[in-house]
Amino acid sequence: MEILKKITKTEWENIFRLRDHLSKQLIGYELFDYQKKLSNEIIISVLENRGDVIVSANSRQSGKTSCLVVTVVFLLLFYFSLCKRFGIKTTPKFNIGIF
């Protein structure tokens, strides 16, 4: 997948703010900072088609699943529109490889 336009720091911040707004709608609150960091890494990896293996070493009951749910729903809702906005070539399907 090729990115035709580099995503700027400000644009990444806007993408993450959109995720934060969705988080408030889905689970009633913004993700905590350590959850946002994990979510940001996943979103960047997906949009840049890096295919990173990302490991979360947080303790039990720390909100890993909530973080993943918000991130996956965000990607399902906004992946294709973000790809179109930034000129990222896509396939007709979006596959999620988590867990």
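A. Structural view of the side chain of T71. Along the chain, T71 turns up in helix 3 (residues 64-86). Of the polar contacts made by the side chain of T71, one reaches the side chain of S39; its length is 2.7 Å. Setting aside anything within four residues of it in sequence, one finds T71 in contact with S39, I42 and I43.

B. Main features of the confidence of the model for the protein. Scored by pLDDT, the protein has a mean of 86; 84% of the residues are at 70 or more. Helix 1 (residues 9-27) holds the highest mean pLDDT among the elements of the protein, 95, whereas helix 3 holds the lowest, 91.

C. Layout of helix 2 (residues 33-47). The end-to-end C-alpha distance of helix 2 is 21 Å, a good match for the 21 Å that 15 residues give at a rise of 1.5 Å each. Buried within helix 2 are the following residues: Q35, K36, L38, S39, N40, I42, I43, S45 and L47. Trailing helix 2 by a residue or two, N49 shows a phi angle of about 50°, which is positive.

D. Molecular detail of the packing of helix 1 against helix 3. Packing of helix 1 against helix 3 leaves a shortest axis separation of 10 Å and a crossing angle of 135°. With respect to their mutual orientation, helix 1 and helix 3 come out oblique. Here helix 1 runs over helix 3; the crossing is right-handed. Side by side, helix 1 and helix 3 meet where E11, I15, L18, R19, L22, S23, L26 and I27 of the first sit next to S66, V70, V73, F74, L77, F78, L82, R85 and F86 of the second. Residue classes in the contact of helix 1 with helix 3 are distributed as 12 nonpolar, two polar and three charged.

About the thresholds
Residues numbered from 1 in each chain as written. Predicted model: local features only at pLDDT ≥ 70, side-chain atom pairs only at ≥ 80, totals over all residues. Heavy atoms only, no water. Helix = DSSP H or I, 4+ residues; strand = E, 2+ residues; numbered from the N terminus. Polar contact = N/O pair within 3.5 Å; in protein donor to acceptor, adjacent residues only side chain to side chain. Contact = heavy atoms within 4.5 Å. pLDDT = per-residue confidence, 0-100. Expected span 1.5 Å × (residues − 1). Buried < 20%, exposed > 50% of the residue type's maximum accessible area, 1.4 Å probe, protein only. Axes fitted to C-alpha atoms, helices over the stretch in contact; angles between N-to-C directions. Parallel < 35°, antiparallel > 145°, perpendicular 65-115°, else oblique. Left-handed = near helix turned anticlockwise from the far one by under 90°. Nonpolar A, V, L, I, M, F, W, Y, C, P; charged D, E, K, R; others polar.

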